[in-house]
Each structure stands twice: as C-alpha cells, then as structure tokens.
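Structural description and commentary
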Amino acid sequence: MGTRGRGRLADRPAADRAAVRRSGARRSAGDGSTADRSAAGAPPARGRAERRRSARRAARRRKRSLVREVPLIILVALLVALVLKTFLVQVFVIPSGSMEQTILIGDRVLVDKLTPWFGSEPQRGDIVVFKDPGGWLEHDHKPSEDGPVLGGAKQVLTFVGLLPSDNEQDLIKRVIGVGGDTVECCDAQGRLSVNGRPVEEPYLAPGNPPSRQTFKVQVPRGRLWVMGDHRDVSADSRFHMGNPGQGTIPLSDVVGRAFVIAWPLDRFHQLDAPGSLSSLARLPQAVGTAEEPVGVGPVPVEPPLVMGVLGILPLVVRRSGRPPE
C-alpha cells in the first residue's frame, strides 16, 4: 500500500514511533532466523587444515603422474634419436686434418643418410663418410674401465646416437672418381686429371700439391676413388692401391654425404661439390685396373671419425673419455 497518507515517522506521536520501531526489530529478527536456517542447510566452510590436506593429496597425485610419464618420455626420445641416426641425419666430429682447409679439426658435420636409401649415389666432388674398407685405420682401442651397469648404459646411448662411439670405423674424404673414371696424377703442370681433363682444385690445403705420388687408376664399377683435401697428411686411396679394390672403396661402405658444417657457428656453411669436378661427364662403367704408385712414402696416420651427439649440443653434452675433436 506504500506510505501514502501515513505521514513521516517524525510527525507521529512518540507512542506510535516506538511501536513502529518494535515492529521493525521483529521483522529483522525474523529475517535473521531465516538467514540462519539457510546457512544451516549449506555445507560448512572448509578449515585451514582441510585445505592443507587437499593440497598435499593433489601434490602426491601430480608426483605419481610425473613418475609414470618420465619413462615414457625417455623411451620416445630414444626411439626418435635411433630413427634419426639410422635413416636421416647423423653428426660426426672431425678428429684429423686430412680435409683441411675445407673441414677443420673439431668441426661437427651433418651427414645425409636418407638419400642413399633411395638409390642416390655419390658424385664427383661430394664429401662422403664411409666405413673402413679394411686396413685404412689404426686399431688401438683401450679396454673400458666402466662397470657393468655404467658400461651397459653407455652402450645403449651409443647405439641410439646420444653418446659418441669409440668403436666407429668411419672416415671422411672427397670423391674424385666414380665407376668408369680414369684418375691420374700428375700432368706436366702438376695437375690431377679425370678422364684426361685437368681438374682445378681450389679446395686443397695451402702449400699442398694435388699429389706427391704419381698414380693412374681406372675406377671399377660400383666403387669410388677418394682423396683428402690436405693431401700431404691424408691416408686416402693413393696409399691403399695394394689392397683389394686397388685403393677404391665400395659404394656399399658409404654411410652418407656430408652436406653442412654445423658447429662451430662461425664456420656454419654448406659443403658444395666444386664445379670443376661435378661438371665432368660420366663415362660408361668399366672394370678398372691400376698402376702401382711411384714414390709412395710413409702412410700418414688416419684416425677414425667420431660419431657425435645426435643434434648440435656442444654446450650441453660433453663427450666423456676423449678430448674434443
């Protein structure tokens, strides 16, 4: 009905004002009892101790979940590393100066292992990593001092490519001749020739001639003639002409093609085949014969490549047991 016609409370007699105040107090008390009843029906607020117990239970659940997930993450990482190492890209550390000045000691090179799976063959001028075809490397392995547990763990990590291997028998050289080519050195100007065409070799180390040993070889089918860019210290095909294959290596021993120097960063660049070799026409394949080299001196020491950590992580992962190469 509103307050129309009632007048203001101050204009009423004192008795009426007191009655109005008592009526308002009763309504307030009634409202409070209703609120109390509503509060009584609601769930009680949690105390501090209960909140702490809930937080501890949540922390334990997170910890158990992490313990279950970590082994799965490690397993997936190992499988990814194994696939990369086996089929895609592998990192190798250069231990010697046989490819200077193109590749220096300590450089990390990325090796493409994928394209050979699709039938791609190395071409003249490519830098390839290959397995020791026999008798190219020194065998001076030291017995391991690791216990069975640590030794087993290292073998697993080495197998998937996350640790370097001391047992790898890999080398790195430049392809000079492919199957059917005749490689000879040296002509009247002291140059190396392929199929009778002199080859300019701007990649040679300063002060190195194309070869201090004379030779002439026809590369057999399915094999490669390889040489280092630092000819004076490279124990390459020239020094193994008395071996089976007459110094050449089989295509089946090729691990992959080195396509980039990835570390150190200030030397990051792509490894391209020089035009003086890649532009030469390929001759029909033929079974080759070799002439004995003349004036071959002592064979330089040729250490094997070191399989690097999968990925360029020199600041995070340090190879144990061997100095950086």
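Heads up: the structure comes first, above all this text.
Below, the structure is looked at part by part. Quantities reported herein were computed from a predicted structural model and do not represent experimental measurements.

Here we take up the overall build of the chain. Helices and strands together make up the secondary structure of the chain, namely four helices and 13 strands. Taking all 325 residues of the chain together, the buried fraction comes to 37%. A separation of at least 24 residues holds for 77% of the contacts in the chain among residues at least 6 apart in sequence. On the chain, roughly 18800 Å² of surface is accessible, and the fraction owed to carbon and sulfur atoms is 59%.

Turning our eyes to something else, we now look at the sheet that holds strand β6 (residues 192-194). A sheet is described by the order of its strands in space; here four strands give the open sequence β7-β6-β5-β8, paired in antiparallel fashion. A single partner strand is all that each edge strand has here, and the edge strands are β7 (197-198) and β8 (215-218). Relative to β7, β6 is paired through two bridges, and the arrangement is antiparallel. Residue pairing in the sheet places S193 in a bridge with P198 of β7.

With that settled, consider the environment of W117. When you line up the elements, W117 lands in the loop between β2 (108-112) and β3 (127-131). Along the chain, W117 and L88 lie 29 residues apart, while their C-alpha atoms are 9.6 Å from each other.

Residue E100 is joined to Q101 through a cis peptide bond whose omega torsion reads 0 degrees. Of note, Q101 is situated in the loop between β1 (89-93) and β2. In the segment running from W263 into P264, the intervening peptide bond is cis, with an omega of 0 degrees. Its location among the elements puts P264 in the loop between β11 (254-263) and β12 (269-270). Not every positive phi belongs to a glycine, and N195 is a case in point at roughly 55 degrees. Checked against the element boundaries, N195 lands in the loop between β6 and β7. Unlike most non-glycine residues, Q246 shows phi in positive territory, near 55 degrees. Assignment of secondary structure puts Q246 in the loop between β9 (223-227) and β10 (249-250).

Bringing the pairing of strand β4 (residues 170-177) into the picture now. Counting buried positions over the eight residues of β4 gives eight, a clear majority of the element. With five bridges connecting them, β3 and β4 associate as antiparallel partners. Looking at the pairing, V128 lines up with K173 of β4. Across three bridges, β4 lies against β9 in antiparallel orientation.

The next subject is a positive patch on the surface. On the surface, R48, R51, R52, R56, R60, R61, R62, R64 and R68 cluster together to form a positively charged patch. The topology assignment puts R68 in helix α2 (residues 48-88). You can call R68 exposed: its relative accessible area is 59%.

With that settled, the discussion passes to a nonpolar patch on the surface. Together, L72, L75, V76, L79 and V80 line one region of the surface with nonpolar side chains, adding up to about 460 Å² of accessible area. Mapped onto the fold, L79 is located in helix α2.

Quick look at the environment of L224 now. With respect to the secondary-structure elements, L224 resides in strand β9. Accessibility expressed as a relative area gives 1% for L224, which makes it buried. In sequence terms L224 and I176 are 48 residues apart; their C-alpha atoms lie 7.6 Å from each other. Setting aside chain neighbours within four positions, we find L224 in contact with P122, V175, G177, V178, V219, T248, I249, L251 and V254.

Let us look at the packing of aromatic side chains. Under the counting rule described, the total for this entry stands at two aromatic pairs. Here the aromatic rings of F130 and W136 are separated by 5.6 Å at their centres, their planes lie at 85 degrees, and the arrangement is edge-to-face. Between the NZ or CZ atom of R174 and the centre of the ring of Y203, over which it lies, the distance is 4.1 Å.

What follows concerns the pattern of salt bridges. In total, this model carries eight salt bridges according to the counting rule given. A salt bridge links D107 to R267, with the nearest nitrogen and oxygen atoms 2.8 Å apart. In this pair, D107 is assigned in the loop between β1 and β2 and R267 in the loop between β11 and β12, connecting sequence segments 160 residues apart. Note on D107: relative accessible area 2%, which makes it buried. Of the charged contacts, one joins R212 and D232 as a salt bridge, the two residues approaching to 2.8 Å between their closest N and O atoms. Here R212, found in the loop between β7 and β8, pairs with D232, found in the loop between β9 and β10; they are 20 residues apart in sequence, far enough to count as distant. Residue R212 is classed as exposed on the basis of its relative accessible area, which comes to 52%.

Definitions and cut-offs
- Residues numbered from 1 in each chain as written.
- Predicted model: local features only at pLDDT ≥ 70, side-chain atom pairs only at ≥ 80, totals over all residues.
- Heavy atoms only, no water.
- Helix = DSSP H or I, 4+ residues; strand = E, 2+ residues; numbered from the N terminus.
- Buried < 20%, exposed > 50% of the residue type's maximum accessible area, 1.4 Å probe, protein only.
- Contact = heavy atoms within 4.5 Å.
- Areas by Shrake-Rupley, 256 points an atom, 1.4 Å probe, with all protein chains shown as cover.
- Pairing = 2+ DSSP bridges.
- Patch = residues over 30% accessible without salt bridge, like charges linked within 9 Å, V, L, I, M, F, W, Y side chains within 5 Å.
- Salt bridge = Lys/Arg side-chain N within 4 Å of Asp/Glu carboxyl O.
- Lys, Arg positive; Asp, Glu negative; His and termini not counted.
- Charge placed at Lys NZ, Arg CZ, Asp CG, Glu CD.
- Phe/Tyr/Trp six-rings, centres within 6.5 Å; stacked < 30°, edge-to-face > 60°.
- Lys NZ or Arg CZ within 6 Å of the ring centre and 35° of its normal.

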